[in-house]
Amino acid sequence: MAAASTSSFIPLKPRPTPRGLSTIAVLKLGAPLSFSFRRPVLAPARLRISCVAKPETVEKVAKVVKKQLALPAETLVTGDSKFAALGADSLDTVEIVMGLEEEFDISVEEDSAQSIATVQDAADLIEELVRKKCA
């Protein structure tokens, strides 16, 4: 009987099924066994552009923030610097945004301004607004 079982395997080709599943069936003495596996479904990807602001923009934003908050020259302001950690309150943040609008000749909407928490956030928003302005 052992000899009969080894010679009675009949591999079949994979059969496509809905939603990227394939079934592979193997016959052994007339009893089908099936194994399913999921293939990656290639859906159309949405185009998403995500850009980090240029270092020059981050530096200019840091300079404006230092000026608006009257920070000492030795204070390190980087892209990760949070306005609150630098001592800015809500009025200071409004003044920073106004300084950025003047420096970059842009107009920042109120809802966009409220989403700015770091120097990098401000630089990213500025570059986005400048791109829209030039387009």
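Rules behind the numbers
Residues numbered from 1 in each chain as written. Predicted model: local features only at pLDDT ≥ 70, side-chain atom pairs only at ≥ 80, totals over all residues. Heavy atoms only, no water. Patch = residues over 30% accessible without salt bridge, like charges linked within 9 Å, V, L, I, M, F, W, Y side chains within 5 Å. Areas by Shrake-Rupley, 256 points an atom, 1.4 Å probe, with all protein chains shown as cover. Salt bridge = Lys/Arg side-chain N within 4 Å of Asp/Glu carboxyl O. Helix = DSSP H or I, 4+ residues; strand = E, 2+ residues; numbered from the N terminus. 1 Å grid on protein atoms, 1.4 Å probe; cavity = no way out; pocket = protein on both sides within 12 Å on 5 of 7 lines; lining within 4 Å. Points joined across faces, edges and corners; volume = space filled by probe spheres on them. Nonpolar A, V, L, I, M, F, W, Y, C, P; charged D, E, K, R; others polar.

## Observations concerning a nonpolar patch on the surface
Reasoning step 1: On the surface, a nonpolar cluster with roughly 300 Å² of combined accessible area is contributed by L91, V94 and M98.
Reasoning step 2: Checked against the element boundaries, L91 lands in helix α3 (residues 90-104).

## Some points on the layout of surface pockets
Reasoning step 1: By volume, the largest pocket amounts to about 200 Å³.
Reasoning step 2: Looking at the largest pocket, the residues that line it are K60, K63, V64, K67, Q68, G99, E102 and E103.
Reasoning step 3: At the level of secondary structure, the elements contributing two or more residues to the lining of the largest pocket comprise α2 (55-68) and α3.
Reasoning step 4: For the lining of the largest pocket, a count of residues per class yields one nonpolar, two polar and five charged.

## Side note on empty space enclosed by the protein
Reasoning step 1: Using the criterion set out here, one finds one cavity of 30 Å³ or more in the structure.
Reasoning step 2: Within this model, the largest cavity holds a volume of roughly 40 Å³.
Reasoning step 3: With three residues, the top contributor of residues to the lining of the largest cavity is helix α5 (residues 119-134).
Reasoning step 4: Tallied by class, residues from the lining of the largest cavity come to eight nonpolar, no polar and no charged.

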